[in-house]
Amino acid sequence: MKPMELIDGLIEWLTPREFAGDIHAKKRVRMFLISHLFGPIISHPITLYLLASDPNPMPHVLILGISISAFWLFPIALKLFPRKYTTLALISVANLNFALLWGSFNYGGTSSPFLIWLLAVPLLGFFYLGSGLVARVAIFAEMLIGISVFYGAYLSSGGFPVHIPIEEMVTVGMISALSATVYVYLMASYYASVVDSQSELLKEIDRHRDTMRALTYAKDEAERAKDEAERANGAKSEFLAKMSHELRTPLNAVLGYTEILLEDAELDGNGGQIADLQKINSAGKHLLAMVNDILDISKIEAGKMELNVENVDLDALVGEVESTARPLAAKNTNAFAVAREGELGAIRADATKLRQAIFNLLSNASKFTQNGQITLAAKRETREDGDWIHISVMDTGVGISEAQQQALFSNFSQASPAIAAKFGGTGLGLSLSRNLIRLMGGEIAVASEVGKGSTFTISLPVSPALKETGVSEANADEKSRKSGYHGMAAGGAATRMERVLVVDDDHAFLELAERLLQKEGFSAISTDAPESVLQIARTVRPAAIFIDILMPGLNGWDVLATLKSDPVTAAIPVVMVSVLEERQKARELGAIGSVAKPVDSVKMKQALALVADYRANNDKRAA
């Protein structure tokens, strides 16, 4: 049997059966076991080096070695007492905190090469216990107590003991850095395996859907195949929606706290940490953009995507798209042209989503065409059922066969594996575009021939029969909401500071916003219940309101409309907060602006400056 199979079998045996039914809890437990089995192995080279290098290693090296070796006892304790998992995890984090601070106190003090391991304490704590409020408070308290004792020991001892001169600790510093690298690599490998398993699940869902489609060729099996395909599609949509939202929530927290750590590192002049934190921040933003694309797909399939329907000037819209698409086409040395048949006039549609669909088609045409011609054509047509708009994107690219066109608009699907390998992409663009157009009462058609190019045509009714859902029709599912933030004010000095109301279903963001606002001299009132915002705003009359856009039940736009329709709250400045860029829409609907997640101190200052300008202008008008 291979070593990895033996290790996996040992971890599976040590995992209590009580966690078998909860996949999220089981992942945390497996991470707990992996870190405790391999942590001492990775760390003991440091202990051995200190034992050999310190002329008088007792008792401090012995105590350090015992503390590190004690981690091997936790998997056994978990096997014997599975119901005490939370307690064991907290004890483990405390033991890790002690080992790091004990080693740092005896070898180097605040210049100790072991202090870098302190970054792993909150990381492991959240891996073990999740991101709940109790876990966050407990982990922070343990770290605060440890650092306080560390500093108290320094003061009472009159300095740090010098068992090994700091200039002779280069070697142990390198061992510590190598051990930390191996440890982070181990944790990252496990996280990668989790992501890979999720990808395999998506592929498995798609294979099941293909099987269901094949059954429709048989008349007797047609109805059963249709039902099963719908169930599979619903399961996939639900899975994508939940996973995208659950990934977005910790990602926003990671990015927010990375910005705080980056700011602290810049103030301290720590160049090494700055570079590492910038890499984490860049990778997190890239992953967040991918998650947002998947979230859009899942919202459409689940029937939860909402439209901001308005009168759209098509001539102006085509001009905007042209200015963006022309340099894109030029990358592959393509000629770009726009053909309008008469005045296009106006149409009732969601301008942002229509622009997104057109740009997706132009982006594909530019990618699959080289040294060719790309044409954007638009015309207005009168039918018996009313006027229609047709917007076509024509190219002279590689073309698509009839067989490949059948699956062209499926999620995560491209025309062929060869095209996917050569040109790349996620296969989400066409599917997302067609669904957005269908939401507006239209359709996307394709005509193509291999080697001669393709034509994609968007057809939209000028006055679609769309149901524009008002705030009163929104369904706020209170049972599914998280508890803990229902109009709670942060800080004991709230009565002496101006108050800002923050609305978000992400508790990590609420906590981050409170910290950022307190740094700027404001008191945060936080709530994760958007249906209670009007009542809170009427009661406390905050200086400003920050509202997240993507929330279950009442979304941010619904809350904004409610506030602006009430005479008492209409004048309160509102700033929209989202991972999406919605600045124009926010201003059109009455907000003074928007700020994109992740929110850092710079963005918070800019948003508060908008609030200050708005209030100053209001005061001038009143005078």
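Note that the structure is a prediction, hence the values are computed from the model and not measured. (Residues numbered from 1 in each chain as written. Predicted model: local features only at pLDDT ≥ 70, side-chain atom pairs only at ≥ 80, totals over all residues. Heavy atoms only, no water.)

Quick word on the pattern of salt bridges
A side chain with one charge can pair with a side chain of the opposite charge if their charged atoms come near. To keep it simple, the criterion reads: Any Lys or Arg side-chain nitrogen located within 4 Å of an Asp or Glu carboxyl oxygen qualifies as a salt bridge. Runs of H or I in DSSP of at least four residues are treated as helices and runs of E of at least two as strands, each being numbered from the N terminus. Relative accessibility under 20% of the residue-type maximum defines a buried residue, over 50% an exposed one, and the middle range a partly exposed one, all with a 1.4 Å probe and only protein chains included.
The final tally for this structure, using the stated rule, is 17 salt bridges. R615 is the partner of E498 in a salt bridge, and the nearest nitrogen-oxygen pair spans 2.7 Å. Residue E498 is located in strand β9 (residues 498-503), and its partner R615 is located in helix α20 (residues 601-622); the two are separated by 117 residues in the primary sequence. Under the relative-accessibility criterion, R615 is labelled partly exposed at 30%. The salt bridge partner of D504 is K597, with a shortest N-O separation of 2.7 Å. Of this pair, D504 sits in the loop between β9 and α16 (507-519) while K597 sits in the loop between β13 (593-596) and α20; the two residues are 93 residues apart in sequence, bridging distant segments of the chain. One network of salt bridges, in which partners are shared, links D8, E12, K26 and R30.

Observations concerning a nonpolar patch on the surface
Applied cut-off: Without a salt bridge and with relative accessible area above 30%, a residue can belong to a patch; like charges are then joined within 9 Å and nonpolar side chains (Val, Leu, Ile, Met, Phe, Trp, Tyr) within 5 Å. Exposure was quantified through the Shrake-Rupley algorithm and a 1.4 Å probe, taking into account, for residues, occlusion by the shown protein chains and nothing else.
On the surface, L48, L51, M58, L62 and I66 cluster together into a nonpolar patch covering about 510 Å² of accessible area. When contributions to the nonpolar patch are tallied by element, the ones reaching two or more residues are α2 (23-53) and α3 (60-69). When you line up the elements, L62 lands in helix α3. Residue classification places L62 among the partly exposed residues on the basis of a relative accessible area of 46%.

Describing the sheet that holds strand β4 (residues 373-383)
The cut-off we apply is this: Between any two strands, pairing holds if DSSP finds at least two bridges. Helix axes are fitted to C-alpha atoms over the stretch in contact, other axes to C-alpha atoms as well, and angles between N-to-C directions run from 0 to 180 degrees.
Pairing in this open sheet of 5 strands is mixed, and the strands run β2-β4-β5-β7-β6 from one edge to the other. Lying at the two open borders of the sheet, with one neighbouring strand each, are β2 (335-341) and β6 (443-449). Averaged over all adjacent pairs, the angle separating strand axes in this sheet is 15°, with direction ignored. Of the strand pairs in this sheet, β6 and strand β7 (residues 453-461) are connected by 7 bridges, and their pairing is antiparallel.

Comments concerning the packing of α2 against helix α4 (residues 73-80)
Note the cut-off: Contacts are assigned to residue pairs that have any heavy atoms within 4.5 Å of one another. Residues were grouped as follows: Ala, Val, Leu, Ile, Met, Phe, Trp, Tyr, Cys and Pro as nonpolar; Asp, Glu, Lys and Arg as charged; and all remaining residues, including Gly, as polar.
Close contact between α2 and α4 brings their axes to 8 Å; oriented N to C, the two are set at 145°. Of α4, the residues touching α2 (which contributes V29, F32, L33, H36 and L37) are F74, P75 and L78. A per-class count over the contact of α2 with α4 returns 7 nonpolar, 1 polar and no charged.

Considerations on the confidence of the model for the chain
Applicable threshold: For every residue, the predictor states its confidence as a pLDDT score lying anywhere from 0 to 100.
Of all residues in the chain, 79% attain a pLDDT of 70 or more, and the chain-wide mean is 79. Low pLDDT, under 50, characterises residues 412-426; the predicted model gives this stretch 25 contacts beyond four residues in sequence or across chains. In the model, residues 467-495 has pLDDT below 50 throughout and makes 57 contacts with residues more than four positions away in sequence or in other chains.

Quick word on the pairing of β4
Relative to β4, β2 runs parallel, the two sharing 7 bridges. Residue A337 lies in a different strand from β4, and its bridge partner there is T375. As defined by bridge partners, β4 adjoins strand β5 (residues 386-395) across 10 bridges and the pair is classed as antiparallel. Across the sheet, L376 pairs through a bridge with V393, a residue of β5. As consecutive antiparallel partners, β4 and β5 are separated by 2 residues.

Here's the deal with the nonpolar core
Basically, it comes down to this: Buried Ala, Val, Leu, Ile, Met, Phe, Trp, Tyr and Cys residues form a nonpolar core when they are joined through side-chain atoms within 4.5 Å.
I358, L362, L376 and I458 are the most contacted members of the largest nonpolar core, which totals 35 residues. For this core, the secondary-structure elements that each account for two or more residues are α11 (314-330), β3 (346-349), α12 (351-367), β4, β5, α15 (429-439) and β7. Ranked by residues supplied to this core, first place goes to α12 with 7 residues. Not counting residues within four places of it along the chain, the set of residues in contact with L376 comprises V318, V321, F336, A337, V338, A339, I358, L362, I391, S392 and V393. The next biggest cluster of nonpolar side chains, apart from the first, holds 34 residues, and it includes L33, L101, A135 and A180.

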